[in-house]
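Architecture and fold: a report
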Amino acid sequence: MPAAIVTGSSRGIGRGIAESLAEAGHDVMINYSRSEEAANEAAAAVAGHGVRAEICQANVTEIDDGKNLVDKTIEAFGTLDLLVNNAGIAPRVRADILEAETDSYDEVMATNLRGPYFLTQYAANQMVALKASGRIQAARIVVISSISAFTSSVARGEYCVSKTGLSMMTRLFADRLAEHDITVNEIQPGVIQTDMTGPVKEKYDKLIAEGLTPIRRWGQPEDIGRAVVAIASGLLDFTTGASIPVDGGFHIHRL
Ligand code: NAP
């Protein structure tokens, strides 16, 4: 059975991805940094689909935690077919770009970009070794960035910069890993209903009702989960380094 790591899968989009992958027959390593109870619930939901679920606490900002997460996954499942870099944070405070502080910039960049960059590097090396030993034929890496990779929000500049960085990270690893039959693609979620968007729910309810997105509804974690399954199941194996919007059409420039 194929095995996947989904970072930040105790809640929100990550949990949605984990459940979609489980439905599609993947064993899943659930990762969390603080929400142990939620991680246990996510693992139970995954196991309910008849696959294996394991839990690993790892803070993606700590490079050694990331290495341990990969090692534990290979130990538990004997393989690693898919890494989904999903864990991410919004700035604790939305501050105007003319006033925002370095601490917030450092925290967001460490979580959303630096951590995933070195986690991807380590996981990719393990995938290459698994392939060399004949334990896998190919592998896939998915990066969950955001419409913020190309949309300016001046009250959370550090978040936008981190997500644009993920777009280039996707292309870099895609370029380097193609020779090893490892694809790397980026999914850009639009406005998705999770804890992260809880504090701005009313604002987005109104914007969506007024036509922010051609498809006038909130995105749900399973919308992103299904897109990850399309990649995980091999339907997009001639696609690498791509940015795939799953955003209700938000990215369309309209007149
Ligand atoms: P969320 O509801 O806040 O959940 C975040 C998840 O990431 C939790 O499982 C959390 O686990 C984990 N996490 C946070 N920091 C971590 C760390 N340092 N190490 C390991 N895990 C960590 O967020 P979400 O809305 O599902 O967002 C998931 C991803 O999608 C993020 O990268 C976000 O930027 C992106 N995204 C979200 C939206 C949206 O509208 N919601 C739109 C575009 C992109 P703990 O609770 O244990 O910390």
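Please refer to the structure placed before this passage.
Here goes a summary of the coordinates provided.

The rules behind each value
Numbering of residues starts from 1 in every chain and runs along the sequence as written. In keeping with the model being predicted, local features are shown solely for residues with a pLDDT of at least 70 and side-chain atom pairs are shown and tallied solely at 80 or more, while totals for entire chains, interfaces and linings include all residues. Excluding hydrogens and water, the side-chain figures rest on all heavy atoms present in the structure. As defined here, a cavity is a set of points on a 1 Å grid over the protein atoms alone where a 1.4 Å probe fits but cannot get out. A pocket is an open set with protein on both sides within 12 Å along at least five of seven lines, and residues line them when an atom is within 4 Å of a point. Grid points are joined across faces, edges and corners, and a volume is the space filled by probe spheres set on the points. Where helices and strands are cited, they refer to DSSP runs of H or I of at least four residues and of E of at least two residues respectively, numbered from the N terminus. We call Asp, Glu, Lys and Arg charged. Ala, Val, Leu, Ile, Met, Phe, Trp, Tyr, Cys and Pro are nonpolar, and the rest, Gly among them, are polar. Being near a molecule or strand, for a residue, comes down to having at least one heavy atom within 4 Å of it. Throughout this description, a polar contact denotes any pair of N or O atoms lying within 3.5 Å of each other; where both atoms belong to protein, one of them has to be capable of donating a hydrogen while the other can accept it, and for residues adjacent in sequence the pair is counted only when both atoms sit in side chains. All accessible-area figures derive from a Shrake-Rupley calculation using a 1.4 Å probe, and residue coverage is judged against the displayed protein chains alone. Pocket or cavity membership: a molecule qualifies when more than half of its atoms sit within 2 Å of the grid points of that site.

1. Some words on the layout of surface pockets
In this approach, a probe sized like a water molecule rolls over the atoms, and the result shows the empty space that is left. Roughly 1400 Å³ of volume is contained in the largest pocket. For the lining of the largest pocket, the elements supplying multiple residues, two or more each, are helix H1 (12-23), strand S2 (27-32), helix H4 (102-132), helix H5 (157-177) and helix H6 (201-209). If you tally residues by element for the lining of the largest pocket, the top one is H1, at three residues. Its residues assigned to classes, the lining of the largest pocket shows 20 nonpolar, 21 polar and nine charged. The computed volume of the second largest pocket comes to approximately 150 Å³. In terms of lining residues, the second largest pocket is bounded by 13 residues, among which Arg 217, Gly 219, Val 246, Asp 247 and Gly 248 are the most central. Split by residue class, the lining of the second largest pocket holds six nonpolar, four polar and three charged.

2. What about the site of the ligand?
Taken together, 32 residues are adjacent to the ligand, and Ser 33, Arg 34, Ser 35, Tyr 159 and Thr 194 come closest. Ile 192 has a polar backbone atom sitting 2.9 Å from an oxygen atom of the ligand. Side-chain polar atom of Thr 194 to an oxygen atom of the ligand: 2.5 Å apart, as the coordinates give it. Within the complex, 95% of the 890 Å² of free accessible area of the ligand lies under protein. Applying the majority rule of atoms within 2 Å of the grid points places the ligand in the largest pocket. Sorting the residues of the shell around the ligand by element identifies H1, S2 and H5 as the ones contributing at least two each.

In short, shape yes, function no, at least from these values alone.
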